[in-house]
Structures are given as structure tokens and as C-alpha cells.
Amino acid sequence: MGRKKNSTSTVDVGEKMRDPIARVLEDLIKDPKQLSIYLGCSLQAVNQYKKGIARPSLENLSKIADYYHVSTDYILGRTVISSVNPDIQAAAKCTGLSQKALEVLIA
């Protein structure tokens, strides 16, 4: 019995790596083993998230965002602002300044 086909199983590996979630997770996940312990899932699952082979569940997506102190919108590729600080998010949206520029101004 083979793997169940889903929308991501027909996409080649190169295309999966271009997925916004995979690109962000590739950058974020430096220690897959520690993240797998935090999530309570297998190391293989975390490596599949990182490579774009599989996507985390909504619960794991939220946990990953909490673990790395970034917003879920950042992981999903909906914003380039990784901060969970609503003031930084709002200021970036209103001014168009980058997160780093805003952090320098705040400091």
C-alpha cells in the first residue's frame, strides 16, 4: 500500500522548498532535535517541515511561532515582520520601515 496522495505529494522537491513556509522554517530551525522535543513530535516530522515535504498542523505552527518568538503570519509568509510585538507590527505597517529600523528607533 503506497502513500496517500495529497496536494503536496505531486509537487517536486524544488517547488516545495520555494514554499514560503518551508523557506522561513529552513531559516528558523537550527536545532531540529530540540524543536521536536518541544513539539512532542518526531525529528523526522520537524525535518520534513524544514524541507517543505510536510506542513505543520495549526497547533504545531502556533507552537513553532511561540518557540522562536515570531508571529504565525511571518511563518506563513504573510509579512516580513517576525516580531510578535503589536506595536512593531503596527508601526511597520504604517511607516513602511523594516523591523530592524524600528528596533533601532525604539532602543
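Here, the structure is the one placed above.
(A) Summary view of the side chain of Q99. On the secondary structure map, Q99 appears in helix α8 (residues 99-106). Of note is the side chain of Q99, whose polar atom sits 3.1 Å from the backbone nitrogen of S83. Each residue touching Q99, except ones within four places of it in the same chain, is listed here: I81, S82, S83 and I88.

(B) Inspection of the pattern of salt bridges at higher detail. For the coordinates displayed, the defined rule picks out three salt bridges. One salt bridge connects E59 with K63, and the closest N-O pair in it is separated by 3.4 Å. Highlighted residues: E59 and K63, both in helix α5 (residues 58-68), separated by four residues, approximately one helical turn. The exposure class of K63 is partly exposed, given its relative accessible area of 26%. Close ionic contact of R78 with D73 constitutes a salt bridge, the shortest N to O distance being 3.8 Å. Exposure remark for D73: the relative accessible area of 32% places this residue in the partly exposed category.

(C) Up close: the packing of helix α3 (residues 32-39) against α5. At a closest axis distance of 10 Å, the pairing of α3 and α5 adopts a crossing angle of 125°. The angle between α3 and α5 falls in the class oblique. Seen from above, α3 lies across α5 with right-handed handedness. Seen from α3, the contacting residues are Q34, L35, Y38 and L39; seen from α5, they are N60, K63, I64, D66, Y67 and Y68. Of the residues belonging to the contact of α3 with α5, the class tally is six nonpolar, two polar and two charged.

(D) Region of the structure containing the side chain of S36. The topology assignment puts S36 in helix α3. Under the relative-accessibility criterion, S36 is labelled buried at 6%. Once residues within four sequence positions are removed from consideration, S36 is found in contact with C41, S42, L43 and V46.

(E) Local environment of the nonpolar core. Counting 16 residues, the largest nonpolar core has L25, L28, L35, I64, Y68 and I75 as its most contacted members. Where this core is concerned, the elements lending two or more residues are α2 (20-28), α3, α4 (43-51) and α5. L28 has contacts with Y68, V70 and I75, leaving out every residue within four places of it along the chain.

(F) Looking closely at helix α7 (residues 86-95). Two or three places before D87, at the opening of α7, N85 has a side-chain oxygen 2.7 Å from that residue's backbone nitrogen. Positioned one or two residues after α7, G96 has a phi angle of 80°, which is positive.

(G) The arrangement of unusual backbone geometry in detail. At H69, a position not held by glycine, the phi torsion is positive, near 55°. A relative accessible area of 63% means that H69 is categorised as exposed.

(H) Here's a closer look at the environment of V24. For V24, the location among the structural elements is in helix α2. Exposure remark for V24: the relative accessible area of 12% places this residue in the buried category. With 51 residues separating them in the primary sequence, V24 and I75 have C-alpha atoms 5.8 Å apart. In this structure, V24 is in contact with Y74 and I75, ignoring residues within four places of it in sequence.

What counts, and where the lines are drawn
- Residues numbered from 1 in each chain as written.
- Predicted model: local features only at pLDDT ≥ 70, side-chain atom pairs only at ≥ 80, totals over all residues.
- Heavy atoms only, no water.
- Helix = DSSP H or I, 4+ residues; strand = E, 2+ residues; numbered from the N terminus.
- Polar contact = N/O pair within 3.5 Å; in protein donor to acceptor, adjacent residues only side chain to side chain.
- Contact = heavy atoms within 4.5 Å.
- Salt bridge = Lys/Arg side-chain N within 4 Å of Asp/Glu carboxyl O.
- Buried < 20%, exposed > 50% of the residue type's maximum accessible area, 1.4 Å probe, protein only.
- Axes fitted to C-alpha atoms, helices over the stretch in contact; angles between N-to-C directions.
- Parallel < 35°, antiparallel > 145°, perpendicular 65-115°, else oblique.
- Left-handed = near helix turned anticlockwise from the far one by under 90°.
- Nonpolar A, V, L, I, M, F, W, Y, C, P; charged D, E, K, R; others polar.
- Core = buried A, V, L, I, M, F, W, Y, C linked by side-chain atoms within 4.5 Å.

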